[in-house]
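# Topology and contacts: notes
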Amino acid sequence: MLVLGIESSCDETGVALYHSERGLLAHRLHSQIAMHTEYGGVVPELASRDHIRRVLPLTESCLAEAGATLDELDAIAFTQGPGLAGALLVGASVANALGFALQKPVIGVHHLEGHLLSPLLAEPRPAFPFVALLVSGGHTQLMAVRGIGEYELLGETVDDAAGEAFDKSAKLLGLGYPGGPALSKLADQGDAKRFKLPRPMLHSGDLDFSFSGLKTAVLNLVQQQSPLDDTTRADICAAFQEAIVEVLTKKCLAALKQTGMQRLVIAGGVGANRQLRAGLDDAAARRRYQVFYPPLALCTDNGAMIAYAGAMRLKHARHDYSYGAKPRWPLDSLPVA
């Protein structure tokens, strides 16, 4: 079965082709970072318009790389939510228009389910069941995953997500937008021991997270150390990153112990962070757990994860081509595949 996947939930347009027997055949991604940088953050109207410009050329490019035609598609999957309503509607309208024209089924995919399943596109692939840490944009969640659609929420952030804390702290440090990757890069040059930052909810006794207080601590530190020199800025970045990595790592280990599971899956943009990967790998190895990550190219939003999730949910495909967006959509409300 050949599935076309379309991702347009925020500021990246992703298109991919996934075959149920041959695997990922092609994927294309256009990032809007350069456009939004001028405004210091995502402008929803501009994001929507850019998705309109990009989605069809990216689709044509994917088909050309795979040597496939539209008529050969068995289904079209698109991100139905969560995300920016206008951006989501671009992918939804294109997917349903193609489905109607080709008389092919259409599948609305949950954006976070796409991230959660993206490590299954890598080798080695994790087997069910596993604990998943979703660290994507405004989401930081721990899930017990027993199968496609069998998701139990174990804990989540009560305020800022890890990715938001990275970007907001980077802005406080004058690192621009999007600041998360820049902060991580600068942290490699800093001394994490120079400044002590809090580890919010580290000993809360549950699996929830809180990162807004950490961001406020960075603000206070920046004000105390102003004007910042390059060394101080790098040291603050290192201390901040170490605090987040410690919290995420210990909560993941607690989730594995609580569920009795042996496998941990990391998905989402923050999952590309090198220090987080190193910390989790080290902690897991000492306790004989296994950790799985998506390929680095598939950590951010992409069409490949949507095409794969769509292929896993073909039995839920629709043929009526009526569509809508779900800007808010609880992951644990999905049906079992």
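Residues numbered from 1 in each chain as written. Predicted model: local features only at pLDDT ≥ 70, side-chain atom pairs only at ≥ 80, totals over all residues. Heavy atoms only, no water.

Naming follows an unreviewed UniProt entry, where the protein chain appears as tRNA N6-adenosine threonylcarbamoyltransferase of Chitiniphilus shinanonensis. Among the UniProt annotations of the protein chain, the heading Sequence similarities (unreviewed entry) holds the following wording: "Belongs to the KAE1 / TsaD family." Heading Subcellular location (unreviewed entry) of the UniProt record for the protein chain holds this comment: "Cytoplasm". (UniProt positions renumbered as here; feature names shortened; annotations may be inferred.)

A separate point is the UniProt feature "binding site: Fe cation" (unreviewed entry) in the protein chain. Taking the UniProt record as the reference, the feature "binding site: Fe cation" (unreviewed entry) is found at His 111, His 115 and Asp 301. Across 191 residues of sequence, these annotated residues stay compact in space, with a maximum C-alpha separation of 8.5 Å. Those residues in contact with His 111, other than ones at most four positions away along the chain, are Glu 7, Ser 9, Thr 79, Gly 81, Pro 82, Ser 136, Asp 301 and Met 305. For His 115, a relative accessible area of 1% translates into the label buried. (Contact = heavy atoms within 4.5 Å. Buried < 20%, exposed > 50% of the residue type's maximum accessible area, 1.4 Å probe, protein only.)

Moving on, we come to the layout of surface pockets. Empty space within the second largest pocket amounts to approximately 190 Å³. In this structure, the second largest pocket is lined by 14 residues; those nearest its centre are Gln 80, Ile 107, Gly 108, His 316 and Trp 329. No other element matches strand β5 (residues 106-110), which puts five residues into the lining of the second largest pocket. Among the residues forming the lining of the second largest pocket, the class breakdown is six nonpolar, four polar and four charged. (1 Å grid on protein atoms, 1.4 Å probe; cavity = no way out; pocket = protein on both sides within 12 Å on 5 of 7 lines; lining within 4 Å. Points joined across faces, edges and corners; volume = space filled by probe spheres on them. Helix = DSSP H or I, 4+ residues; strand = E, 2+ residues; numbered from the N terminus. Nonpolar A, V, L, I, M, F, W, Y, C, P; charged D, E, K, R; others polar.)

Glancing now at the sheet that holds strand β9 (residues 263-267). The five strands lie next to each other as β8-β7-β6-β9-β10, forming an open sheet whose pairing is mixed. This sheet does not close on itself; its edge strands, each paired only once, are β8 (150-156) and β10 (290-292). The average angle at which neighbouring strand axes cross in this sheet is 25°, direction not considered. Bridge analysis of strand β6 (residues 130-136) against β9 gives four bridges, and the strand direction is parallel. (Pairing = 2+ DSSP bridges. Axes fitted to C-alpha atoms, helices over the stretch in contact; angles between N-to-C directions.)

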